[in-house]
Structures are given as structure tokens and as C-alpha cells.
Amino acid sequence: MSTLFDPIKIGDIELANRIVMAPLTRNRASAGNCANELMAEYYAQRATAGLIIAEACQISPMAQGYLDTPGIYSPEQVAAWKKVTDAVHAAGGKIVLQLWHVGRISHSSLLPDGAAPVSSTAQQSPAMTYTAAGFVPVSAPRALRDDEIPALIEDYRRAARNAIAAGFDGVEVHAANTYLIEQFLRDTINDRTGPYGGSIANRARLLLDVLQVVTAEIGAGRVGVRLSPLTTFGNTAPLDSNPQALYDYVVEQIAPLGLAYLHMIEGETGGTRHPENAPPFDYAAVQRAFPGAWMVNNGYGRDAAKAAIVEGHADLIAFGKGFISTPDLVRRLREGALWNELRVDKLYGGGAEGYTDYPTLAD
Ligand code: PHB
């Protein structure tokens, strides 16, 4: 019987324990959307996690949706991330990069030449985003043409290659939280005809195409995927009309690829794991269909996390807010110590305050 604190090998990556730092947008990237010394310090402080999933990182200039988020498409960005991965490895940790395209969750002021965001659809999301001018409604998107999709898939391939060049142990394909890939998956957002719209198989095609090229590029044992069947992302996107059928198909198709892990956001991201208004969803059925490591996320505390591993509900538990406030979360989980209080006003943007200045027990 395994516990939260036991080592595990996921694909090609050996982890010291089953405690994962979830990907967390912090908006502290430097000019050119480059990582920096402060980010290296922040991640190295948290390197006792079995695995760090670095914050969502845009695969191309068009993939950006918020101010000061990092990228992984330019040589400067690769060099900058290398300092982060070196710092984490020197501290004994493992780190993968989350590959992100926001799709319609963006604003023209963040995009090349003031372009409209791109999506599966031309329908605008009611979401807000953070720009140089503060919080603003996202811009109306333009629906990608089918003949633009090969270049989009190539952007994912380049990002995966760049991530390995930057020293990451692997990548996580972000297919959650109503960003681009989920804008294709959901029938309530995707209003296309043609090979990427309509049937479940067509709506899942972009995700599967992306996973094909990313696994071909860096090896499936270094690739994970993040899904969120039941999130409305703060009531900004409707759920699919039949999440069970959609994700039964998606995971059945993903299973033979040999991915290192599947990262499941249970319920409403950052909210409840059991949303009252959501349709019933059998996570266990999906888990049974997936042969790799099963990672769960969303509001786990110590007791629930320990029980989830012991009972076989999951192989890995990802903690978000816990790792922001508590750099030595692994030790505190082990010892049953309280976590630091989260400074919500310092989550997005700014400097060291509320970022690298949270105390450890050793302090
Ligand atoms: C965010 O920047 O608010 C954000 C990014 C990625 C997510 C969720 C939220 O998956």
C-alpha cells in the first residue's frame, strides 16, 4: 500500500513523493515574456514537491491571455527557463512545463498587432482578463480556419521541444479551464462544421492531434495532460452537454498513447469538487480507462490527500494555493503542521511580496 510520501515513477520521470505543485499563474514574467531570477527562487523554494508543474506558459504570441505570463516560443524564453529548471534540479526537484493556448480568453492589446483572439468559435466569452489597463472583458474572437490548424499544432510541437531544451523533465498539455483546447472539446462553445467540429470525435481531434505531435517530439513518458470536465471557470463557460460521453471518448483515445500522467481537476476549478448543478460524472470510470498515473487536484487538504492515495482514488495529488503560501508544504503535510495564510492580494503580478517571502517551518 502506497502513501502520499512514497516515491513513484510516472512515465520516464522519477518522483520522490506523490505531492505535486499545481500550475499557477502568477504574472511575474519579465520583458519578452521571459522567466527570471525571482521565478527561479520561487520554484526552487518549492522543490521538495515530488513534481512541480510550472505555471501555464504560452506556446506562441497568439496563445497569451493575460499580462506578464511567460512564453516558451523564443530563444530568450528558453534560456530564461533554463535558470529556473537548473535551480529546481539543484534543489533536488522535478519540474514540467504546462503548454498553454488561451484561445478566446484574451484581449487584443496582449496580441501581435492588436489581433483578435482565435478560437473554435467567433462567440465572445463573458470572461474578464488582466491587461496593462487593468481588468477588462476579453475581446471578441475570430474562429480559426481549418487550414490554420496545422500551424497551431506545430506551435505545440515547438513548445514541447523548447521545454526539453530549457531543461524541463516534461510537459503538461493544458486541455482544461475552458482555454483553447477545451473551446474545441465542448459542444456548447465549438460551433464549427468540418473536421474539428460537430461529433465528439471531431471536437476531440485538436487535443489528440496535439498529443500526437508532442509525444512524437519528446516521448510519451514525458507528457501529461490536464482536463476539467466540470468547470465553468467561474460561470464564464457552459459545460459540455454530455461530459461523460465526451471524456469517456477522450480518455479511451488517449489511453494507448502511453502518457506519464493524466491530471484531473475535480469539479469547479478553485471551487467545490462536487458542484451541485453539474451533471453526474463518474471519474472512477475514466480513471480505470487510463493506464498512466492518475493525478487529482482541487482543494485537497491533508486528510483527504492522504486518504485518496491510500484508497487508490489517485496516484498523485496536486496542491495549488497550498504551495503558493507554504513552500515547505511537503514537510507540513508529513508533520501535520498548519499551512501559511494565503495573501490573495499578491497572487497576480508584483514582486517578491506574497511570492518568495512566505516562511518555512525552518524559518
Ligand atoms: C489564470 O491565469 O487565471 C489561469 C491560468 C490557467 C488556468 C487557470 C487560470 O488553468
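See above for the structure.
Please read these numbers as outputs of a predicted model, since none were measured by experiment.

Caption draft 1: Spatial organisation of the overall build of the chain. Helix and strand counts for the chain come out as 11 helices and 14 strands. Radius of gyration (C-alpha) of the chain: 19 Å, near the 21 Å computed for a compact globule of 363 residues. With the C-alpha coordinates of the chain rotated into their principal frame, the extents come out at 55 × 45 × 40 Å. At a minimum sequence separation of 6, the contacts of the chain that also span at least 24 residues come to 71%. When the accessible surface of the chain is totalled, it reaches about 13400 Å², and 52% of it is carbon and sulfur. Here the chain contributes 30 positive and 39 negative side-chain charges, whose respective centroids are spaced 2 Å apart.

Caption draft 2: A look at the pairing of strand S14 (residues 316-319). Neither face of S14 is exposed, since Leu316 and Ala318 on one face and Ile317 and Phe319 on the opposite face are all buried. Bridge count between strand S3 (residues 19-21) and S14: three bridges; the pairing is parallel. Of the residues in S14, the one forming a bridge with isoleucine 19 is isoleucine 317. Alignment of strand S13 (residues 293-297) against S14, held across three bridges, turns out to be parallel. By the bridge assignment for S14, methionine 295 is matched with leucine 316. Of the crossover connections in this fold, the one passing from S13 over helix H9 (residues 302-310) to the parallel S14 is right-handed.

Caption draft 3: Quick look at the pairing of strand S12 (residues 261-265). The element S12 is extensively covered by neighbouring structure, given that five of its five residues are classed as buried. Going residue by residue along S12, you find Tyr261, His263 and Ile265 tucked away on one face and Leu262 and Met264 tucked away on the opposite face as well. Across four bridges, the pairing between strand S11 (residues 223-227) and S12 is parallel. In the strand pairing of S12, leucine 227 is matched with methionine 264. Traced from S11 through helix H7 (residues 243-254) to S12, the parallel crossover comes out right-handed. Read from S12 through helix H8 (residues 283-289) to S13, the crossover connection turns out right-handed.

Caption draft 4: Broad picture of unusual backbone geometry. Phi at asparagine 235 takes a positive value of approximately 60°, unusual for a residue other than glycine. Within the element layout of this structure, asparagine 235 appears in the loop between S11 and H7. The class for asparagine 235 is exposed, based on a relative accessible area of 68%. Although it is not a glycine, asparagine 298 sits at a positive phi angle of roughly 125°.

Caption draft 5: Representation of the packing of helix H6 (residues 205-218) against H7. Orientation of H6 relative to H7, taken along the N-to-C sense of each, is 20°, at an axis distance of 11 Å. In this view, H6 runs roughly parallel relative to H7, as classed from their interaxial angle. Crossing angle aside, the handedness with which H6 passes H7 is right-handed. Of H7, the residues touching H6 (which contributes Leu207, Leu208 and Leu211) are Tyr249, Val250, Gln253 and Ile254.

Caption draft 6: Main features of H6. Under the 1.5 Å per step criterion, the end-to-end length of H6 is 20 Å for 14 residues, consistent within 8% with the ideal 20 Å. Listing the buried residues of H6 in full gives Leu206, Leu207, Leu208, Val210, Leu211, Val213, Val214, Thr215 and Ile218. Positive backbone phi, approximately 95°, marks glycine 219, located one or two places after H6.

Caption draft 7: Fine view of the site of the ligand. Residues in close proximity to the ligand include Thr25, Tyr66, Trp100, His174, Asn177, Tyr179 and Phe233, which together make up its full environment. The separation between an oxygen atom of the ligand and a polar side-chain atom of asparagine 177 is 2.6 Å. For the ligand, whose free accessible area comes to 280 Å², the fraction covered by protein is 82%. Residue composition of the shell around the ligand, by class: four nonpolar, three polar and no charged.

Caption draft 8: Region of interest: the packing of aromatic side chains. Taken as a whole and assessed by the stated rule, the structure comprises 13 aromatic pairs. Aromatic side chains tyrosine 66 and tryptophan 100 sit 5.8 Å apart centroid to centroid with 10° between the ring planes, which places their arrangement in the stacked category. Pair noted here: tyrosine 66 is in the loop between strand S4 (51-58) and helix H2 (75-90) and tryptophan 100 is in strand S5 (residues 95-100), with a separation of 34 residues, a long-range link. Here the two residues tyrosine 66 and tryptophan 100 agree in accessibility, since each one is buried. Of the aromatic side chains, those joined through ring pairs into one cluster are Tyr66, Trp100, Tyr179 and Phe233. Between arginine 273 and the ring centre of tyrosine 300, over which it is positioned, the NZ or CZ distance is 3.9 Å.

Caption draft 9: Summary view of the environment of alanine 56. Structurally, alanine 56 is set in strand S4. We classify alanine 56 as buried; its relative accessible area is 5%. The sequence separation of alanine 56 and arginine 186 amounts to 130 residues, and the corresponding C-alpha distance is 21 Å. Other than its neighbours up to four places away in sequence, alanine 56 contacts Pro23, Thr25, Pro70, Gln98, Trp100 and His174.

Conventions adopted
Residues numbered from 1 in each chain as written. Predicted model: local features only at pLDDT ≥ 70, side-chain atom pairs only at ≥ 80, totals over all residues. Heavy atoms only, no water. Helix = DSSP H or I, 4+ residues; strand = E, 2+ residues; numbered from the N terminus. Rg over C-alpha atoms; globule rule 2.2 N^0.38 Å. Contact = heavy atoms within 4.5 Å. Areas by Shrake-Rupley, 256 points an atom, 1.4 Å probe, with all protein chains shown as cover. Lys, Arg positive; Asp, Glu negative; His and termini not counted. Charge placed at Lys NZ, Arg CZ, Asp CG, Glu CD. Buried < 20%, exposed > 50% of the residue type's maximum accessible area, 1.4 Å probe, protein only. Pairing = 2+ DSSP bridges. Right-handed = clockwise from strand over helix to strand, strands pointing away. Axes fitted to C-alpha atoms, helices over the stretch in contact; angles between N-to-C directions. Parallel < 35°, antiparallel > 145°, perpendicular 65-115°, else oblique. Left-handed = near helix turned anticlockwise from the far one by under 90°. Expected span 1.5 Å × (residues − 1). Near = heavy atom within 4 Å. Polar contact = N/O pair within 3.5 Å; in protein donor to acceptor, adjacent residues only side chain to side chain. Nonpolar A, V, L, I, M, F, W, Y, C, P; charged D, E, K, R; others polar. Phe/Tyr/Trp six-rings, centres within 6.5 Å; stacked < 30°, edge-to-face > 60°. Lys NZ or Arg CZ within 6 Å of the ring centre and 35° of its normal.

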